[in-house]
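Structure at a glance
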Amino acid sequence: MTKKYTIQSTMVAATLFLSLTMMCTRPTVGFAPPNSFATQQRQLQTTSILKSANDNSGDEARRLKEKADQYRNEAEKLRLTLGLKRIEELKDDIQQFMSTEEFGSTEQEQKKFIELKARVEELVRKSVGDAEAEQMLAGLSSFSSNNSVMPVQSSPSSDVSVALTEEEMKSAISFVGSLPIPVKDTLAKAAGYPNYDSIINLEEFVNNLYVNKDASTEKLRRLYFQAFAKNIPGGADIVVKDSKEEYEIEGLSKAIQQQINDRMENSTRAMELFPRVVQDADEAILPRDIDANVIFQLLDRTTFMAVEKPMQVEGGYIIRGENKRKTATQLLEVIDEKLAKESPQWQESFQLSFVEIYADSSEQLFEDALLITPNKFAPMAPKLFAGVITAISLFSSFVYCIDTFSENEAVMQRLKEASEQATSGIVGAYDLTWFNELLVPMLVTLGLAQGLHEAGHLVMSWSKGIKMTPPTILPSQALPYLSFQNRLKTSPKDYTDLYDFAFAGPVTGLTVSFIALLFGLQLTTEVDQSVAQLLPSLPVGFITQSTLGGTIVDLLLGGGDGILINQDPSTQIPLHPIAIGGFLGMIIHAFDLVPIGSTDGGRMSQAVLGRVWHLTFSSLVFTVLFLTSLFSDGFNLLLGFLFIYSFTQRDMEIPCKNEIDRVELPRAVAAFVSWVLVALILCPLS
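Counting of residues starts from 1 at the beginning of each chain's written sequence and follows it residue by residue. Totals for whole chains, interfaces and linings use all residues, but because this is a predicted model, local features are given only for residues with pLDDT of at least 70 and pairs of side-chain atoms are given and counted only at 80 or more. With hydrogens and water excluded, all non-hydrogen atoms of the structure serve as input to the side-chain values.

1. Comments concerning the pattern of salt bridges
We define a salt bridge as a contact between a side-chain nitrogen of Lys or Arg and a carboxyl oxygen of Asp or Glu at a distance within 4 Å. A complete count under the given rule lists 14 salt bridges for this structure. Where Glu367 meets Arg320, a salt bridge forms, and the shortest distance between an N and an O atom there is 2.6 Å. You can see Glu367 sitting in strand E5 (residues 366-374) and its partner Arg320 sitting in strand E3 (residues 316-323), a full 47 residues away along the chain. Assessed through its relative accessible area of 17%, Glu367 is described here as buried. Summary of the burial criterion: residues with accessible area below 20% of their type's maximum are buried, those above 50% are exposed, and those between are partly exposed, where the area comes from a 1.4 Å probe applied to protein chains only. A relative accessible area of 2% means that Arg320 is categorised as buried. Glu664 is the salt-bridge partner of Arg667, the closest N and O atoms lying 2.9 Å from each other. Here a strand is any run of E in DSSP of at least two residues, a helix any run of H or I of at least four, and the numbering for each starts at the N terminus.

Here it is in C-alpha cells:
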C-alpha cells in the first residue's frame, strides 16, 4: 500500500465517521449555533410566564413547551448543517491535496498535511467528546501520536529502521536478487542509489526501499524506462527529457529492433553446437509454441528465472535464464515432478535439457539455457545405405586379412597350386585347412576385440537407459576397417552417463587388442620352422606408424636395440596372426578414442570439457593430426582417418538432459590418460 492510500484512508475514515456521528447522535459538546443566545432568552421568558401562571393554566404551558421544542429542533438542524458544511470543505481540501502526484516531497506540502490533520482532529473532538475522540483517533495510524508527521523520502544515509523480521529481510534480499537488471536499477534509484551495483549493504537497501515503497507510478515508470534503455545495446544515449513521460521512443524503438535482429541471428548461432540430427529434425515431431509454454508456465523464481519467453530455434525452443537451484540436477528433478503432475503426456514426445549455448552478450562466451527438443533422434543415414556400407566394410576387412599373406612366397605358391588343382577339376586334390588355421586366428582376434567393444556399449546403454542404433562399419584403405559407428537415439541423463557409455567400448577393445599383441608376439618366437615359413607379415613402414606398437614389436622380437624397425620400410616382418590382429585392433580402437567430433573419444571430451570447450579442443586436435599426417611417409593412417571422419563423425553428440554438471575428477583423469595412450599409439615412430 502506498503512502497516498494510507493518508487517504485515514482522512476519509475520519470524515465519514464524523458525518455519521453528527447525523445519528446528539453530541455532548458541539458547535454553538449563531442564535443560541436568543434561544436562551426565550427559555427564560417561558420560565417566568410559567411561574406566574396559575396551576390550572395547563394548556398555555403545553403550548409554550411545544414552542421551545420547535426552537431547539431548529437550532439542532442549523448546527448539523454547519457541521456538515465544514466536513464537506475539509473533504474537498483533502482530495485536492491527494491529487498531487509527488505530495509530501517538500516542506510546504508537509505543513499542509499537518494542517489538514489538525482540522480533522478538531472536528472529531468537538463532535464526539474527549473520551470517544481519543478512542477513535487511536485506531487511525496517522493519529496514534500527537507528534505524527508525514513520512519523508529517505536516502541511503538515512537512519530509518523498518521493523522487518530476519526471515522477511532474507526473503526480500533473495527476491530482489532474482529480478532482472532493469528492475533492480529501478528499485535502487527509487531508494536513492545511483544503481543496483552501487549498493554495499543490502539490508540497508531493503530498509530504504520499504520506506520509499510509496513512490508514484509516474516516477517508477520513468526510472524503469531509464534503466531499461541503459541495458539495451545502443540505448545508453537515450534519455528522458522531463518528468512528463516525453521519452525518446523512436531511439528506444531502434535499439530494441536492433536487439531483436541480433537475437534472431544468435538463435541460429546458439544451435551451432548441436548436431545436424537435432537441427534438421522432422517438423512433424518438433515441439510447438503450446508445448514450449508448458515448460515456461512451470518456471518461477524458485526454480529457473527466465529472462525471456521461449525462443524458437532450429530443432526446438530455448529459454534463457538463471538456475535458482543449487545444481542442474535438482532443477531438472523439480521440473520433471511438476511435469508429471501438470502434463504427464508431454514427456512422451518431448524432452527438456539444461545446456550451454553461445551467449548473446559479447561479455561472455556462453550461457545456460533450457532446450526443448523431441525425445527421439532419428539417424540421418538411411538404413539401406548403412547396410551397404557395412557389407562393403566386412568384405574389405576379409580381403585385408588375406592380403597380409601376399608377401609370403611360400603361402602364395601353395595357394596357386590349390587354385590350379581346383580349376582342373580334381576333386579333393587340394586342402586349405592349413591356410584357414592361419587366417581364422587373425579374424577371431579382430572380431573378439570389436565384439567386446560393442558389448561394452550395449551394457552401458542398457544400464543407463540409452537407446542406440545398430553399428555401421566404416571402411578404411589402410586398415581392415576404420570403426563401428553407433548413433544415440535417446539422450543420456547427464555427462556422466555419456562418458561411461563412450569409455566402456574402446577401452575394452583396446585392452583386448593390447593383450592379443603381446600374446601373439610371444607365439611368434615359439612357432616351429615349418609354421614360421607360412606366417603373415607387416612391412616395417606400417609398424612404425605407431610409436607404442613399433616399440613393443622391436622390444620383444628385436631385443629393443632398434635394428628391427630401422630396416627399409618395405621390409616384411613375419608375425603370428594373433599378433597382427592385436596390432591392427590396437590402432582401430585408438582411433575411436581420438577426442574429436562424436567419436567415443569425442563424447568423453564433451563430457569432461562441455560442449563449447570440446569444440575448441576438437578443432585443435584435428589441426595437429592433419599437420602430422603431412609429414608422414608411406602408409598414411591419419590422413585416411581424417577423411572418413569429415563425412561421418564431425558433428558433436546429441544433447544430454543435463549438460551443466561435469564429470568427476577420476573420470577426467582417466580420459586424459587414455588420450596420452592414443597419442603414443597413433604418432609415427621416428
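After presenting the structure, the write-up continues.
2. Structural notes on a nonpolar patch on the surface
On the surface, a nonpolar cluster with roughly 640 Å² of combined accessible area is contributed by Leu665, Val669, Phe672, Val673, Val676, Leu677 and Leu680. Relative to the helices and strands, Leu677 resides in helix H25 (residues 665-682). In this analysis, a patch consists of residues with relative accessible area above 30% that form no salt bridge, clustered at 9 Å for like charges and at 5 Å for the nonpolar side chains Val, Leu, Ile, Met, Phe, Trp and Tyr. Areas reported here follow the Shrake-Rupley algorithm with a probe of radius 1.4 Å; residue values treat only the protein chains shown as occluding.

3. Side note on the environment of Val277
In this fold, Val277 is placed in helix H11 (residues 276-279). The class of Val277 is buried, set by a relative accessible area of 17%. With 377 residues separating them along the chain, Val277 and Ile654 place their C-alpha atoms 7.7 Å apart. Beyond its immediate stretch of four places on either side in the chain, Val277 contacts Phe377, Ala378, Met380 and Ile654. We call two residues contacting when some pair of their heavy atoms lies within 4.5 Å.

4. So, helix H23 (residues 611-630)
For H23, which comprises 20 residues, the first-to-last C-alpha distance of 29 Å matches the rise-based estimate of 28 Å (1.5 Å per residue) to within 8%. Looking only at H23, the buried set comprises Arg611, Val612, His614, Ser618, Val621, Leu625 and Ser629. As for H23, its buried residues are in contact with strand E4 (350-358), E5, helix H17 (495-524), helix H22 (600-609) and helix H24 (637-648). By this rule the span expected of a helix is its residue count minus one, scaled by 1.5 Å.

5. What to know about the nonpolar core
Nonpolar side chains in soluble globular proteins generally cluster together in the buried interior. Think of a nonpolar core as a cluster: buried Ala, Val, Leu, Ile, Met, Phe, Trp, Tyr and Cys residues, connected wherever their side-chain atoms sit within 4.5 Å. Ranked by size, the top nonpolar core spans 86 residues in total, and within it Phe542, Phe583, Ile587, Phe591, Val594, Phe641 and Leu682 carry the most contacts. Among the elements that take part in this core, helix H21 (residues 577-592) stands out by supplying 9 residues, more than any other. Setting aside residues up to four positions removed in sequence, Val594 forms contacts with Thr599, Gly601, Gly602, Val621, Leu625, Phe641, Val678 and Leu682. With 19 residues, the next largest nonpolar core counts Ile295, Tyr317, Ile335 and Leu352 among its residues.

6. Structural notes on the pairing of E3
Here E3 lies mainly inside the structure; 6 of its 8 residues are buried. Any two strands are treated as partners once DSSP identifies two or more bridges connecting them. Sheet analysis places strand E1 (residues 304-306) next to E3, joined by 3 bridges and oriented antiparallel. Directly across from Ala306, in E3, lies its bridge partner Gly321. As defined by bridge partners, strand E2 (residues 311-313) adjoins E3 across 3 bridges and the pair is classed as antiparallel.

7. So, the packing of H22 against H25
Viewed as axis vectors pointing N to C, H22 and H25 meet at an angle of 140°, and their least axial separation amounts to 10 Å. Two packed elements cross with a definite hand, and for H22 against H25 that hand is left-handed. Judged by residue contacts, Gly601, Met604, Ser605 and Val608 of H22 engage Ala668, Ala671, Ser674 and Trp675 from H25. Its residues assigned to classes, the contact of H22 with H25 shows 5 nonpolar, 3 polar and no charged. Note on geometry: axes are C-alpha line fits, over the in-contact stretch for helices, and angles between N-to-C directions span 0 to 180 degrees. Handedness of a crossing is defined here by the sense of rotation of the near helix relative to the far one, left-handed for an anticlockwise turn of less than a right angle and right-handed for a clockwise turn. Each residue is assigned to one class: nonpolar for Ala, Val, Leu, Ile, Met, Phe, Trp, Tyr, Cys and Pro, charged for Asp, Glu, Lys and Arg, and polar for all the others, Gly among them.

8. Describing the pairing of E5
Summarising burial for E5: 7 of the 9 residues are buried, a large majority. As paired elements, E3 and E5 share 4 bridges and run antiparallel to each other. Bridge pairing links Ile318 to Leu371 in E5. Across 9 bridges, the pairing between E4 and E5 is antiparallel. Across the sheet, the residue bridging to Ile357 is Glu367, located in E5.

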